[in-house]
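Coordinate analysis (summary)
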Amino acid sequence: MPDPVARDAAEEESAFSHPPVEPDASLPYGDHPDQLVDFYAPRGGHASVPLVVLLHGGAWRAPYDRRHVTPFADFLARRGLAVANVEYRRGREIPGQRGSGPVAGRWPDTFDDVAAALDALPELAAKALPRADPRRTVVTGHSAGGHLALWAAARHVLPAGSPWRLPAPPALRGVVALAPIADFATAAGLDVCGGAVGQLLGPEEEYEARAAHTDPALLLPTGIATVVVQGRSDIVVPQAVSEAFVDAAARAGETVGWTLLEEVGHFPLIDPAADACAVVAEEIAQLAW
């Protein structure tokens, strides 16, 4: 049996080995430099195509931006999909007090940005990708971006008074979450990404109240078609995290699609050189078309 750590390192190296792919267009959705969306035009002859909104991972931390998923965005565009690769504000580069690495996320900026980007996308996409059909929008995201994708699809069930709450379900065909940090209690218990969930939500006294507005496992049911894709060999965001979300959905009376890939870790889901990436593209296409 391969060493899990060595396998994860090799998979990460492969996923990050592809050169960044420049977008066909970039448009801001706010004034901050991170409030930007890169657009990838679909390759193919269809006059109207679905729009895939892509939210990158990286534990909500500053060193990881949208550039590392540009090969994946290009991979989807080459399969005939219009792609919007969203940047958002993440944790700062400087470690927090008594910390050893960049902080995960900014409160409330990370959520402000994702909400603002999704709200602006129909208008932005009409300018940048006239072939994109906003009525066929699928949101996808990897790891921390998978969390944000699930959250974006759940804004209509946020607690009353939430600044991000929508009055009605978002106009989405569905969400495909890739190895998402989808259940905060399980992720925190497993210390996923070095305590990233706790850093995202801030001070301990704020944790419970903030989780009620941001933890996908607490925002169920949504009524939005949802698929989770997970590698069984993932040691970055282990299977238990996604499984806890799927179980929570079932208890809430909602069925979530659950695609568990054997002999697959965390990074092949966004690696165009990996077979798992083709599976992901097919799951997205199934909802989008």
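Everything quoted here is computed from the prediction, not taken from an experiment.

What follows covers the packing of helix H2 (residues 70–77) against helix H9 (residues 275–288). Relative orientation of the contacting elements H2 and H9 amounts to 55°, with a least axis distance of 11 Å. The orientation of H2 relative to H9 falls into the category oblique. Note on packing geometry: the crossing formed by H2 with H9 is right-handed. Residue-level inspection shows Phe 72, Phe 75 and Leu 76 of H2 in contact with H9, the latter providing Cys 277, Ala 278, Val 280, Ala 281 and Ile 284. Per-class residue counts for the contact of H2 with H9 are eight nonpolar, no polar and no charged.

Moving on to the pairing of strand E8 (residues 257–261). As judged from the five bridges shared by strand E7 (residues 226–231) and E8, these two strands associate in the parallel manner. Paired with Val 227 across the strands is Gly 257, a residue of E8. For the crossover from E7 across helix H8 (residues 239–251) to E8, the handedness is right-handed.

Within helix H7 (residues 204–214) the residues assigned to the buried category are Arg 210, Ala 211, His 213 and Thr 214. Across the axial projection of H7, the buried residues extend over an arc of 150°, all falling on one side. For H7, the exposed residues lying more than 90 degrees away from the buried face are Glu 205 and Glu 208. Of the surrounding elements, those touching the buried residues of H7 are helix H3 (109–128), helix H4 (144–152), helix H5 (184–189) and helix H6 (196–201).

Turning our eyes to something else, we now look at the nonpolar core. In this structure, Phe 39, Trp 60, Ile 181 and Phe 245 are the most contacted members of the largest nonpolar core, which totals 61 residues. Not counting residues within four places of it along the chain, the set of residues in contact with Phe 39 comprises Pro 23, Asp 24, Ala 25, Leu 27, Val 83, Ala 84, Leu 121, Leu 124, Ala 125, Ala 128 and Leu 129.

Omega for the bond connecting Trp 107 with Pro 108 falls within 30 degrees of zero, at 0°, which places this linkage in the cis form. Turning to its location among the elements, Pro 108 is positioned in the loop between strand E4 (82–86) and H3. A cis amide bond links Leu 220 to the next residue, Pro 221, at an omega of -5°. In this structure, Pro 221 sits in the loop between H7 and E7. The phi angle at Ala 59 is positive, at roughly 60°, despite the residue not being glycine.

Further remarks concern the pattern of salt bridges. This model, assessed by the stated rule, comprises 16 salt bridges. Note that Arg 155 is salt-bridged to Asp 119, the shortest N-O span being 3.0 Å. Of this pair, Arg 155 sits in the loop between H4 and strand E6 (174–178) while Asp 119 sits in helix H3, and the two are 36 residues apart along the sequence. You can call Arg 155 buried: its relative accessible area is 4%. A salt bridge links Glu 262 to Arg 232; the nearest nitrogen and oxygen atoms lie 2.8 Å apart. Note that Glu 262 is positioned in the loop between E8 and H9 and Arg 232 in the loop between E7 and H8, a separation of 30 residues in sequence. According to the relative accessible area criterion, Arg 232 is partly exposed, its value standing at 41%. Within the structure, one salt-bridge network assembled from shared partners comprises Asp 34, Asp 38, Arg 66, Glu 87 and Arg 90.

Conventions and cut-offs
- Residues numbered from 1 in each chain as written.
- Predicted model: local features only at pLDDT ≥ 70, side-chain atom pairs only at ≥ 80, totals over all residues.
- Heavy atoms only, no water.
- Axes fitted to C-alpha atoms, helices over the stretch in contact; angles between N-to-C directions.
- Helix = DSSP H or I, 4+ residues; strand = E, 2+ residues; numbered from the N terminus.
- Parallel < 35°, antiparallel > 145°, perpendicular 65-115°, else oblique.
- Left-handed = near helix turned anticlockwise from the far one by under 90°.
- Contact = heavy atoms within 4.5 Å.
- Nonpolar A, V, L, I, M, F, W, Y, C, P; charged D, E, K, R; others polar.
- Pairing = 2+ DSSP bridges.
- Right-handed = clockwise from strand over helix to strand, strands pointing away.
- Buried < 20%, exposed > 50% of the residue type's maximum accessible area, 1.4 Å probe, protein only.
- Arc of directions from axis to C-beta.
- Core = buried A, V, L, I, M, F, W, Y, C linked by side-chain atoms within 4.5 Å.
- Salt bridge = Lys/Arg side-chain N within 4 Å of Asp/Glu carboxyl O.

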